Every structure is written in structure tokens, then in C-alpha cells.
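Close look at the chain arrangement
These are the residues of each chain, in order.
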Amino acid sequence: MRLSVIIVNWNGRQFIGELLDSLSRQSVHIDETIVVDNASSDGSTEFLERHFPRLTLVPLSKNVGFAQGNNVAFKYSRGEYVAFLNSDTVLSSDCLFELVRLLDSDPHTGAVVPKIYQMDRGGDTALIECAGAEFNNLGFCWGRGAGQRDGPRFGTARQVPALTACATVVRRNALNGEPPFDAKLFMYYEELDLSLRLRGRGYKIMYAPSAVVWHRRGGSVKQATQTPVLFTQFYGNRNRVKILSKYYPLRLLIRNLPLILMSLAYWDIFILRRGGAGLFIRALSDQIRFACQGAAERRRGTGVRSERWLPRMTRHGLADVLALRPATRTYSG
């Protein structure tokens, strides 16, 4: 079997039909489509059973998160290539063909990402949401070209530092027999964890500009909470701490520790002011717990060689930390 498509849905009934319709128009054959539903309460499972009976639907009794939801679906999949798609995306008709073509062209390519536009834009004035992803010495991960207008810079196929879990196709063999994502991360930064594993084992991550996706960023999150920024920063910062403690070389961590702590303090204070003392204490305790988890996993060995991904890392200093904004947005949800 060649191509599997995996979608994790959580209260995305109003979006997922449009995605599935776009999959039906793909110019490449899709061998199987698997949807894991994370205990939606909006009638998603009934909608999917009624309108898309041919897909494989895996309803879960509780919300296990974006990362583990993908892992559950991955166990059902059999394709040589596995496409991971957010439920609030729509694909151009040649999107998966172009992504698969790049994977076919080089066995050392572990994953390929498309050009992702913000959903409410289109045509020549489209705003980029991400054309691949970047990451830095503080553990932040963000969309390459986020908020910029499309142009020549984004028109060439090339290697990019990291992938975006919103829409990507991954070579199964590149996963080394592991689940695609770290289930403990729940959501956000799972794409950086996967990117470091792929790159640290010698695989390329490629960007295909001719493969186009439109994304309603954070559609489900916006429905779940009136303060999505708190949701994002709570999960994003604790997961970033784990990735730092698990993968980053000790000398790099020691050199950047003041800036890392400053960036964490900024958002912890924000959480305290906007979310109250209870959420602040929970955020702080989770950051400590996840740092310990990362250190424990580091001691057991990851097989990920940092010298293979360090050249792709962006280095930011104090001015960038004070600005914060460009480096605080993740693109998995």
C-alpha cells in the first residue's frame, strides 16, 4: 500500500467535510483515509458515518490529544507514505501528488511539507501561514514566512529546518519503528520533536511550493476556549521545555539558559494575569515535570545526533526574546 491519509478530528464537523471533499479530488490515488475522532460532542462521528462511509473512522471515548490521536490512527495505517492533515485544512487537487513526487525522488527525504496559506486569503495576495517551519536556540518553533505575502522566496523547492504537523507527508521507514509523535505532548511542538528525530537520523525535510493547502488556524481550539492564547502557551511552553531537555546539547542549554528562563517567565506571568493563580501553578509544575521527563528520556538515549540538526537552527538573542512574537506561534493546531 502506497499512501495513507490520517486526520485527527475534535469538534470539527463544520470543517472536515470540506477537507474530505478536497481529498476526493486529488490527482494521486489515496489507498486509505483514517479519521480518529477525539470524543467530539458536535455530532462529528454521526456526520462522518452518514456522508463518508468509505473512510476508516476510529471514535475514541476521550480526547487523547492531537499527538496521540495521530499515533492511534498510525497503528491502523499501512501506507509507505503517511499524510497527516488537520481537520480544518483544504488541499489543492495536486497537493498530495506533488508531496509524494518529492518523496519518490530521494530516499533520504523523510518528510515533505506543502505551502500553507491562511484560509481567509486567496489568489496572488495570499498570506503565507507556513512554508515549512523553523526553530531556534531557545526551543521555539514557528512557521517559515508566517504572515508574509506569497512571493519568489516561497516559490522554490528546498530543504527546510522543520515540518508542520498541520499538513505533511512522512516516509514510514524514516520513523525507525516509533510512533510519529510523542503522546505526552498532547498538542503543540509535536512537529518539532518529530523534525529533530528525522533530521537527527540523517533524513531531509523538504518543502514543495507547488503543493498548496489552506488552513483555518486553530479552528477547534477557538471553539473550545474563549482565550486560545492561554491554551496555546500553556501547552506550548511545557512541551518546549521537554524538547530542550531531551535533545539540545548541554553546552547550548547552559549558554542560553538565561534567555530560555526569561521567555518562560514572560508567558508564565501572562498566564498568571490572564488565567489566575491556579492555572499559573499548574503551568509551572507541568514545565518542571516535563523538563524532568525530557532529561530522563535523554539519559535512556534517543539515537538523535544533534550535529545533524544544529546547522538548521536559527540563533536568537536578547532582542528577539524581548520581541517574542515571531517565535511564539506554533502551527500544529
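Residues numbered from 1 in each chain as written. Predicted model: local features only at pLDDT ≥ 70, side-chain atom pairs only at ≥ 80, totals over all residues. Heavy atoms only, no water.

**With respect to the overall build of the chain**
Basically, it comes down to this: Put simply, DSSP H or I for four residues or longer makes a helix, DSSP E for two residues or longer makes a strand, and each gets a number counted from the N terminus. The globule rule is 2.2 Å times the number of residues to the power 0.38, and the radius of gyration it is compared with is taken over C-alpha atoms. Between buried and exposed lies partly exposed: a residue is buried under 20% and exposed over 50% of the maximum accessible area for its type, with that area taken using a 1.4 Å probe on protein chains only. Here, two residues are considered to be in contact whenever any of their heavy atoms come within 4.5 Å of each other. Accessible surface area values rest on a Shrake-Rupley calculation with a 1.4 Å probe, where residue burial reflects the displayed protein chains alone. In summary, the charge assignment counts Lys and Arg as positive and Asp and Glu as negative, without counting His or the chain termini. Here the site of a charge means atom NZ of a Lys, CZ of an Arg, CG of an Asp or CD of a Glu.
Scanning the chain for helices and strands turns up 10 helices and 12 strands. On C-alpha atoms alone, the chain measures out to a radius of gyration of 19 Å, which is about the 20 Å that the 2.2 N^0.38 rule sets for 333 residues. Based on the C-alpha atoms only, the size of the chain along its principal axes is roughly 50 × 45 × 40 Å. A buried classification covers 58% of the 333 residues belonging to the chain. Residue pairs at least 24 apart in sequence account for 80% of intrachain contacts in the chain once pairs closer than 6 positions are excluded. Total accessible area computed for the chain in this model is approximately 14100 Å², and 53% of it derives from carbon and sulfur atoms. Mean positive and mean negative side-chain charge positions of the chain (44 and 29 charges, respectively) differ by 7 Å.

**Examining the packing of helix H7 (residues 228–247) against helix H9 (residues 277–300)**
Stated formally: Structural elements are reduced to axes, namely lines fitted to C-alpha atoms, with helices fitted over the stretch in contact, and the angle between N-to-C directions of any two is expressed from 0 to 180 degrees. Throughout this description, any angle smaller than 35 degrees is read as roughly parallel, any larger than 145 degrees as roughly antiparallel, any in the 65 to 115 degree range as roughly perpendicular, and the remainder as oblique. Handedness of a crossing follows from how the near helix is turned relative to the far one, being left-handed for an anticlockwise turn of less than a right angle and right-handed for a clockwise one. We call Asp, Glu, Lys and Arg charged. Ala, Val, Leu, Ile, Met, Phe, Trp, Tyr, Cys and Pro are nonpolar, and the rest, Gly among them, are polar.
At a minimum axis separation of 7 Å, H7 and H9 run at an interaxial angle of 25°. Between H7 and H9, the interaxial angle falls into the category roughly parallel. Crossing handedness for the pair H7 and H9: right-handed. Grouping the amino acids of the contact of H7 with H9 by side-chain chemistry returns 11 nonpolar, 6 polar and 8 charged.

**Structural notes on the environment of Pro107**
By the secondary structure assignment, Pro107 is in the loop between helix H4 (95–105) and strand E6 (109–118). In this structure, Pro107 is in contact with Arg171 and Tyr203, ignoring residues within four places of it in sequence.

**Let's talk about the packing of aromatic side chains**
Stated formally: A pair of Phe, Tyr and Trp rings is counted when the ring centres sit within 6.5 Å of each other, with Trp represented by its six-membered ring. The angle between the planes then sorts it: under 30 degrees is stacked, over 60 is edge-to-face, the rest tilted. Over a ring means this: the NZ of a Lys or the CZ of an Arg is within 6 Å of the ring centre and within 35 degrees of the ring normal.
Counting across every chain of the model gives 12 aromatic pairs. Centroid distance Phe66 to Phe181: 6.2 Å. Interplanar angle 45°. Geometry classified as tilted. Note that Phe66 is positioned in helix H3 (residues 65–76) and Phe181 in the loop between strand E11 (167–171) and helix H5 (190–200), a separation of 115 residues in sequence. Of the two residues examined, Phe66 and Phe181, each falls in the buried class. Taking the centre distance of 5.1 Å and the plane angle of 85° together, the rings of Phe234 and Tyr235 count as edge-to-face. In this structure Tyr235 comes out as buried when scored by relative accessible area, which is 12%. Taken together, the aromatic side chains of Phe186, Tyr188, Phe231, Phe234 and Tyr235 make up a single cluster linked through ring pairs. The ring of Phe140 has Arg240 lying over it, and the distance from NZ or CZ to the ring centre is 3.9 Å.

**Description of H5**
A large share of H5 lies buried, amounting to 11 of its 11 residues. Residues of H5 that are buried: Glu190, Glu191, Leu192, Asp193, Leu194, Ser195, Leu196, Arg197, Leu198, Arg199 and Gly200.

**Thoughts on the pattern of salt bridges**
Formally: Here, a salt bridge means any Lys or Arg side-chain nitrogen found within 4 Å of an Asp or Glu carboxyl oxygen.
This model, assessed by the stated rule, comprises 17 salt bridges. Two residues, Arg197 and Asp193, come together in a salt bridge whose shortest N-O distance is 3.0 Å. Of this pair, Arg197 and Asp193 both sit in helix H5, separated by 4 residues, roughly a single helical turn. Residue classification places Asp193 among the buried residues on the basis of a relative accessible area of 2%. Of the charged contacts, one joins Arg238 and Asp286 as a salt bridge, the two residues approaching to 3.1 Å between their closest N and O atoms. Residue Arg238 is found in helix H7, and its partner Asp286 is found in helix H9; the two are separated by 48 residues along the sequence. Here the two residues Arg238 and Asp286 agree in accessibility, since each one is buried.

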